[in-house]
Structures are given as C-alpha cells and as structure tokens.
There are 2 protein chains.
Amino acid sequence: MADVPNGQPSDAPLELYNSILAQSEHVRCLKASKASKDEIDSAVQKLLSLKTSYKAIVGEESKPGCFPENPAPGSKSGPEATKGSEDFVDPWTVRTSSAKGIDYDKLIVQFGSSKIDKELINRIERATGQRPHRFLRRGIFFSHRDMNQVLDAYENKKPFYLYTGRGPSSEAMHVGHLIPFIFTKWLQDVFNVPLVVQMSDDEKYLWKDLTLEQAYSYTLENAKDIIACGFDINKTFIFSDLEYMGMSPGFYKNVVKIQKHVTFNQVKGIFGFTDSDCIGKISFPAVQAAPSFSNCFPQIFGDRADIQCLIPCAIDQDPYFRMTRDVAPRIGYPKPALLHSTFFPALQGAQTKMSASDPNSSIFLTDTAKQIRTKVNKHAFSGGRDTVEEHRQFGGNCDVDVSFMYLTFFLEDDDRLEQIRKDYTSGAMLTGELKKALIDILQPLIAEHQARRKEVTDEMVKEFMTPRQLSFHFQ
Amino acid sequence: MADVPNGQPSDAPLELYNSILAQSEHVRCLKASKASKDEIDSAVQKLLSLKTSYKAIVGEESKPGCFPENPAPGSKSGPEATKGSEDFVDPWTVRTSSAKGIDYDKLIVQFGSSKIDKELINRIERATGQRPHRFLRRGIFFSHRDMNQVLDAYENKKPFYLYTGRGPSSEAMHVGHLIPFIFTKWLQDVFNVPLVVQMSDDEKYLWKDLTLEQAYSYTLENAKDIIACGFDINKTFIFSDLEYMGMSPGFYKNVVKIQKHVTFNQVKGIFGFTDSDCIGKISFPAVQAAPSFSNCFPQIFGDRADIQCLIPCAIDQDPYFRMTRDVAPRIGYPKPALLHSTFFPALQGAQTKMSASDPNSSIFLTDTAKQIRTKVNKHAFSGGRDTVEEHRQFGGNCDVDVSFMYLTFFLEDDDRLEQIRKDYTSGAMLTGELKKALIDILQPLIAEHQARRKEVTDEMVKEFMTPRQLSFHFQ
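A quick note: this is a predicted structure, and the numbers were derived from the prediction, not measured. (Residues numbered from 1 in each chain as written. Chains lettered and ligands numbered in written order. Predicted model: local features only at pLDDT ≥ 70, side-chain atom pairs only at ≥ 80, totals over all residues. Heavy atoms only, no water.)

## As for the side chain of His-391 of chain A
Thinking step 1. Along the chain, His-391 of chain A falls in helix H18 (residues 388-394).
Thinking step 2. Other than its neighbours up to four places away in sequence, His-391 of chain A contacts Gly-384, Arg-385, Gly-396, Tyr-424, Ser-426, Gly-427, Met-429, Leu-430 and Thr-431 of chain A. (Helix = DSSP H or I, 4+ residues; strand = E, 2+ residues; numbered from the N terminus. Contact = heavy atoms within 4.5 Å.)

Right, dumping it as structure tokens:
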C-alpha cells in the first residue's frame, strides 16, 4: 500500500482534495436546506472548478474516500471489485479483455479466498469416499473459504447444510446456470446433507423492470429446471423470497439483525451502490445473507442457529458472502463456508458471462438439437487457424476455444478430454471435429434435461417449495 | 441562513473542518482496505486531535455536512424538518424554545398539510351523529390530509380502516403515549371501522441498544396498555413487525414494492439519514409505510388493495406518511389520509416531548396516586406568579402552564375547563388549586387504566395479535 500522510495536510493535491470533499458536503447541505438556486449554483460552480484544478494537478479525477496518495481497495477507486489488468467482477458485471477469460488466480488474491488445491480435493475424496466431481478435478470450482472447517465438522459427524440460489430474471435458463446446481446436487449426494435454494425474486423485482407477479412466475418456471437437475425432494427446500418471507418465523428476524450491523458506507464499498439507488437494493444484501444462518429454517433445523452452512456459487456472488462472514460473529452465528466456481463462458468467448437476454450468447435449456448444432457451429468462438492447411501445420489454441471450454464442463471422460486437447493443439483435430464432439455431448445432455423437466409437475414444485421437515433430525 | 463562504477556504475553522472531513474518510478508507492496526490507530489519533482543535476554536463539536458558519440540523439546515424560529420536528426529535410549545400553524404550512377547521369538525359531527371528541374541539388533533375524502367515502358507504402504531422502546408508557390511542378508539367507535395497530419492534431493535427478544417483549407489554384503552377485539388487529412479517402473505411484498420506489437520496432528505447509518434504518420507512395499504391484511380485507386508510398519529410521524403518499399512486394504491395531533408536553414544559427514559418528565401509566400528586405538585411547570399577592393581582398564564395544558387533554367538561382558564388567568384560582384540579382528574384516570390493564390477560393479547377475520365483510 502506498504511503499515507501522517502530518498536517500541506501539499497542494491533498489540500485541494480536502476542499473538494468539504465543498461536496456543502452543496448537499445547501440542497437539503433548500437554499436559493443562486446559492446552490455558485457552490456547484466552485466545486467543479476545484475538481478541474485537482485533475490538472493530479492527472486523474478526484475520488471521495481516498487521499490522492492512497489508492482505494481493488486498485484505484470505487467498489471492492476486481480490476487487475482489465478484469472486473461484481454480482452484476464480469468483464475481462482476455480471450482466456478472467485471471482466477489473481481473483483469489484480490478477494482473499483460498485456492482449491490438490490436497483439499484429496481430502474431499477421503472424507466422502467418492471420486471428486469433474468440476473439482478441472478447477471449475477453484476457490473456497473455510472448506477445511466443513470437512472437520463432517468428519466429526457434525451436521452442515448447503445453500445456493438463483435470481429468476426470466423464464429462460441456459446451460451456464446449471453449473452451481449440477455441483450442488453432487455435494448433496456425496455428503448426504440438506439443501436450501433461494429464488431471489425480490432482488429481480428490485433490479429489473418486472412486476412482483412476473418475478414470482419466473421463480416457479426456474424451480422446474432446478428440480430437473435431480435434487432429492426429501433433502431439498426451494423458496421464493417474496413468498417465504411471509411464511417463516425466522427469516425476517435474521434480515433485520444483519441490517442492523451493516452500514450504507459498507454496502457502498462492497457493491458500489449510490445515493440514487432505491432503498430496496441497498437493503437487499441482507436478504441474500440471511439463509446462511440455519434458524431461517426452523422446519428443518428446529431452533438451532449454529449449524454450519456451505455455499456453492459462482465467484461473482462472493461479495454478498464476504459481507455475511463479516457480520456473522457479531450476531452470534457461524460464518458460512464457500465453494466458488469460474464463470461459464459465452459462445462468443470468455470475455463475458453468458446473458439470458441474448439468445445467441448461450445454449438454452429449451434449445432443440438443431438449434444447438447451429449455435455451436455458427457462434462458438474458435481457437482454430484460418485455413485447414495452417491448422494442420500450427494447431489450434484450446485456451481460447469456447467449444473446448464447454467440453471441460460437460465431458466426463478425462482421458478423452485430454486426447481432444492434444489433437486440437497439434492440429490433428480440426475445428469442425471439435465442434462435433461438443454437439454430441450437448444434444443428449439438453434433451435429457428437457425430458426430466417435463416430468416435473406443478405439484412437485409446490412440494419442494413447502416449508416442511426434511429427512434429517436436528435438535 | 448564515452566510456561507464562496471563495477559496482560508479561515482557520473552515480549514480544520475540511481536514476533519478528509481525515474521517481516510480512516474509513484504511479500515476498508484492512490497513495495519498501527496505521489505523495513528489516523484515528490524528482525527481526534483535529476534532479537539476544532472544538477549542469554534466552541462546538464539528458536524459533517455543514460548514462551521452553517449550523447543523436542529436549528438551521439538514433534513426536511421544521425550522421556523427555533422549532425542530422529525420522528426522533421535537424541540422548541417557546414555553408555549411548537408553533403548529407554522408546522401546517411547512409540512403542507391542512388545518382541521370548524367546518371539518362540523362535517365529522354530521357524518357520525356524535359530538366531536374533545381532542377535536380543542385543537389537539389539529391537522389532516385528505380527511374530506375519507368522509366522502364514508357518506357513500364505502369502507375505510384505521392504522396507528407504537414503537415499543420500553415497558413503561406514559399518559402522552395514550393520546393517539384514546382518539383512535373514539374514531373506531363512531365510524365503526376496522383498526390495525403496528408495534414497530423492528424499528426499536434497529435504533436502540436492544435484542430482538427485548423489543418483542416490550411489544407484548405495550399491547396490554393499548388493549386497556378499550379497543373492540372484534374490530382490532395488533401486530408485531418482527412476528407478522413472517406470517403475512402481503406485508413483505408491499415493503419491497415501496422500497423499489424510494431512493437513498429521498430518505436522506426526509429523515436525515447518513452514509454511516445501518441499512436497516435506511430501509425501515417502507415497513412503517406498508400497513397503509389494505392488502397487507388479507385476513381482514381479502385481496382488496384499494381500501382507504386513515392514520391518526402525532405530527412527528408525518414524514413517514408524506413518503408513503408520494409512493402510493406509483404502485397503484390509494394515498392514506391522516389526522395529526400536537405533542403532549413534558411536565417541565412544552419545549420538549415527554421522554420515557426520564421518570420525572411524565406521568407513567404505572404511577401510584401518591406519585401522581407529587409529580404534579413538584414538577409541573407553572404559569403562576411568584407570590400569592402577585398572582391575585396579575393572574396566571394558562398558555405556558403545564397543569392547565394537561387539563385540556383530560378534562371532558368544556364549561369547567373554560371556568378554570378564566379563574387562573384572573388570579381568582391559585396554582395549588389548579394543580389539585389536575390531580383529581389524573388519579382516577390512571387508576382506572391500571384496573383495565389488570384485566388484560396474555390470552387476550394473543388473540388481538392473531391474524384473523374481523367483524367486517370485505370482498
């Protein structure tokens, strides 16, 4: 960290910086006290001229909260997000300039989490007696917080539970949305633990141009896709925030507890909220945090507030749970542990997350076999060469090839995957052949999902979403 | 408003002020970036020494948001509060320098409400066929919003409902707390309408140093005093926010709807919140707003969202409902109507509201006859003269005499009150006699309240607080 001034501020940038801060407050004060327009205008002019001087001297915009010599968390300013090279990660935006995608090792350092290393994977294998999921073997779930503590508890026969979720922003889910659920189902199977799934329809109502009714209807539709992943109805509770908040004796109490212990300054720092954001957004992080505490679910856990929670999620959700882990000890609850996944790349390349609103950026769970073939052939960014001759001579680049990336997510056979990597890299395998390998995996995968989803009735959704005892006994 | 500097800051207090502001931000920044303890400690020391210098020079504590020349909220600037002469009114502070109390006519202009005039009182009398309550006859309920609209609806046989509330900050309630409930009971009787009573234990948990359990236990204790006011169990639903939020299918949905339509800038302007306030406080106004909409109570109103709400409350609660009325049309609900009361003066004088934490500022509902006599005789601010001779010659001043003010609240007989006013003003009545008149009213009033409260069992509290149909049919 750069040096910070300890003496009386005296150098010009610092003085200017102080004046800007004071003048901003002054403008706010004038506005709040309904001062005359002239008075406000003149104060605003003054502020602008101070800012201009600052920029001229310092060479960049002034930013509240950090002295000129003292870069803010992250790297230079603004919310606690990742900005190494050109990467940016928060719950709403994932951006990188690299075709290889986000630099995840850097992200671990910046977020202060821990790498899922070979040793941890071996320990999971020993504890469960099961071969680690391909998402672990291939570094798709790559980062964690306190997973060793969960394993300690598990090995000592102490209970824990899984918590994951989905923001139902539309009816359409794509394959990328399945990643946390596929992994969570595996965790549920190998550890034999209860699972709660939050459908944050309140969040989507607050952030999107949706009615409450639309947001809730997306909850029901998305719940079908989640159930189709094969969760055990006797071990799984799926809940809509909009509905469950009005049915649970513990949920709102935990929300209020968390809200008492987090300031606007903190959510501003973590999520980048501004004064123009609605108070719903500002207070929502507490709603996503609350299910980390077991007494939100007395029907499952009785009155126990001390059952360890493990949250599998994409790493962009980590800011919510950094906040949760900060609050937990102050309100007498255990910190939730986390398992973080990388992002599922868009067909166009790993620079961005997939988008539910762009039909060609993703393979949707409703796509036909033909649509899948067309999308992969037409839109999947290729690491191949411009001509067959060049490709045979120099080989393709698996690091940027989206079809290959998708295979790492969905092809179970490690040997086959390694063979494809070698063949494509050497040029022995052509782009068309690589794409065909992916299509051959995706078509049955999606068709089987669709078949399972068809079996999911409204009654089953209702049962998954009914607060009830699960097949576990907690006291 | 005092002059504010327009040129480059140069005078010492302003420079110090700027440095304090900047140093505060710097400390926050260090904490957010997890700087070393030494670094933070040294920055905090620096901040404290700057504050000490400021206080030595300026003569008062530095306050963020306002320049040294520009006094902080409470007298000249800050949130949308009343600032005429020295009056200040918001939900947490009521302050005036006048022994006569707040200038309520000015408050009506500043809040943009309407005066309850003779014409409106006559209309209430015609509509209900009942003599107007003494609180109306004497200007204790003095201001309203849309009461004519409520009467239009009533005369057209359209339903409306009453909503009032209490923040249960301690077990102890004083007579001033009864004012809205005494009046609400009268409204319920003469209009024959349902009533919902919000116990905002979540608010008290957020604002005070209380646990959730303490806040809820105060809810139960205070509910007994409210029930002892004589509310009809078949027409009244009392609810704890902490409890009912987890029992109602509609409450949280309305809270989220309101939260989507109010920004931090708005609550900052209305309530004076700052960036250091917890997100619970910032979002709470939506919880107080929501019961203004009938679909928070489907057990009473079915699925109807359009039933007019009338809120009797002390005028310091108006900021919440100004906000509510601003949001209502944007989310498709009717604006609640309001009836505003003046404040019940402290025994020491009308400059402040009574305080539940100062036992001598109020007559408590638990006081014995002897305590009442002692408090009135010893602490009730008197408008009498220094000697009997002077008093006989010049008379007393009813405008500042707290015993007389209390009589306007509790003595039902208009002629007797007018006689006392004349006799005390002329000097025919001495201060001791006036105090005795008040003691003779208060002692049986409190004793009867205590007797009624004794009759209130835990089962009755439970029944009042159970969501259920009331004796009305809405469809």
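From this point on, the discussion continues.
## Regarding the confidence of the model for chain A
Parts of the prediction with low pLDDT should not have their coordinates interpreted in detail.
Residues and elements named next belong to chain A.
Thinking step 1. In the predicted model, chain A carries a mean pLDDT of 88, and the fraction of residues at 70 or more is 85%.
Thinking step 2. Of the regions scoring below 50 in pLDDT, residues 1-11 engages in 25 contacts with residues more than four places distant in sequence or in other chains.
Thinking step 3. Note that pLDDT drops below 50 for residues 64-84; the model gives that stretch 66 contacts with residues more than four away or on any other chain.
Thinking step 4. With pTM at 0.82, the complex prediction returns an ipTM value of 0.82. (pLDDT = per-residue confidence, 0-100.)

## What to know about the pattern of salt bridges
Any two side chains of opposite charge can pair, on the condition that their charged atoms come close.
All names here are of chain A.
Thinking step 1. A full pass over the atoms with the stated rule returns 50 salt bridges over all chains.
Thinking step 2. The salt bridge partner of Arg-322 is Asp-318, with a shortest N-O separation of 2.8 Å. Here Asp-318 and Arg-322 lie together in helix H16 (residues 318-327), a separation of four residues that amounts to about one turn. The same class applies to Arg-322 as to Asp-318, namely buried.
Thinking step 3. Arg-421 is the partner of Glu-418 in a salt bridge, and the nearest nitrogen-oxygen pair spans 2.8 Å. Taken together, the residues Glu-418 and Arg-421, both in helix H20 (residues 414-426) and three residues apart, mark about one turn of the helix.
Thinking step 4. The exposure class assigned to Arg-421 is partly exposed, which follows from its relative accessible area of 33%.
Thinking step 5. Each of the salt bridges in this network shares a partner with another, and the network as a whole consists of Arg-131, Arg-134, Arg-137, Arg-138, Glu-412 and Asp-414. (Salt bridge = Lys/Arg side-chain N within 4 Å of Asp/Glu carboxyl O. Buried < 20%, exposed > 50% of the residue type's maximum accessible area, 1.4 Å probe, protein only.)

## Here's the deal with the sheet that holds strand E3 (residues 114-115) of chain A
Residues and elements named next belong to chain A.
Thinking step 1. The strand order across the open sheet built from seven strands is E3-E4-E9-E8-E5-E6-E7, with neighbouring strands paired in mixed fashion. Edge positions in the sheet fall to E3 and strand E7 (236-240), since each has one partner strand and no second.
Thinking step 2. Pairing of strand E5 (residues 160-166) with strand E6 (residues 195-199) involves five bridges; the strand directions are parallel. Considered in E6, the bridge of Leu-162 is made with Leu-195.
Thinking step 3. Along the sheet, helix H6 (residues 147-155) contacts strand E4 (141-145), E5, strand E8 (308-314) and strand E9 (337-341); its crossing angle with E8, the most-contacted strand, is approximately 135°. (Pairing = 2+ DSSP bridges. Axes fitted to C-alpha atoms, helices over the stretch in contact; angles between N-to-C directions.)

## Focus on unusual backbone geometry
Residues and elements named next belong to chain A.
Thinking step 1. At Asp-146, a position not held by glycine, the phi torsion is positive, near 60°.
Thinking step 2. With respect to the element layout, Asp-146 can be found in the loop between E4 and H6.
Thinking step 3. On the basis of relative accessible area, Asp-146 is assigned to the partly exposed category, the value being 25%.
Thinking step 4. Of note in the backbone geometry, Lys-157 takes a positive phi value of approximately 60° without being a glycine.
Thinking step 5. Tracing the backbone shows Lys-157 in the loop between H6 and E5.

## A few points about the domain arrangement of chain A
All names here are of chain A.
Thinking step 1. With domains assigned, chain A is organised as domain 1 (88-347) and domain 2 (369-455).
Thinking step 2. Each of domain 1 and domain 2 was reduced to a C-alpha centroid, and the two centroids are 30 Å apart.
Thinking step 3. In this assembly, 22 residues from domain 1 lie in contact with 23 residues from domain 2.
Thinking step 4. For the domain 1 and domain 2 pair, buried surface summed over both sides reaches about 2100 Å², with 59% attributable to carbon and sulfur atoms.
Thinking step 5. Remark: the boundary between domain 1 and domain 2 carries eight salt bridges.
Thinking step 6. Taken together, the connections running from domain 1 to domain 2 amount to 16 residue pairs in polar contact (both at pLDDT 80 or more).
Thinking step 7. Sorting the residues of the side of domain 1 that touches domain 2 by element identifies helix H5 (134-137), helix H7 (175-191), helix H9 (212-227) and strand E10 (345-346) as the ones contributing at least two each. (Domains from an automatic or database assignment. Buried area = accessible area lost by both parts, 1.4 Å probe. Polar contact = N/O pair within 3.5 Å; in protein donor to acceptor, adjacent residues only side chain to side chain.)

## Considering the nonpolar core
Thinking step 1. Residues Ile-258 of chain A together with Ile-258 of chain B are the most contacted members of the largest nonpolar core, which totals 106 residues.
Thinking step 2. Apart from the residues lying within four places of it in its own chain, the contact partners of Ile-258 of chain A are Ala-286, Ala-289, Ala-290, Phe-293, Met-323, Val-327 and Ile-331 of chain A. (Core = buried A, V, L, I, M, F, W, Y, C linked by side-chain atoms within 4.5 Å.)

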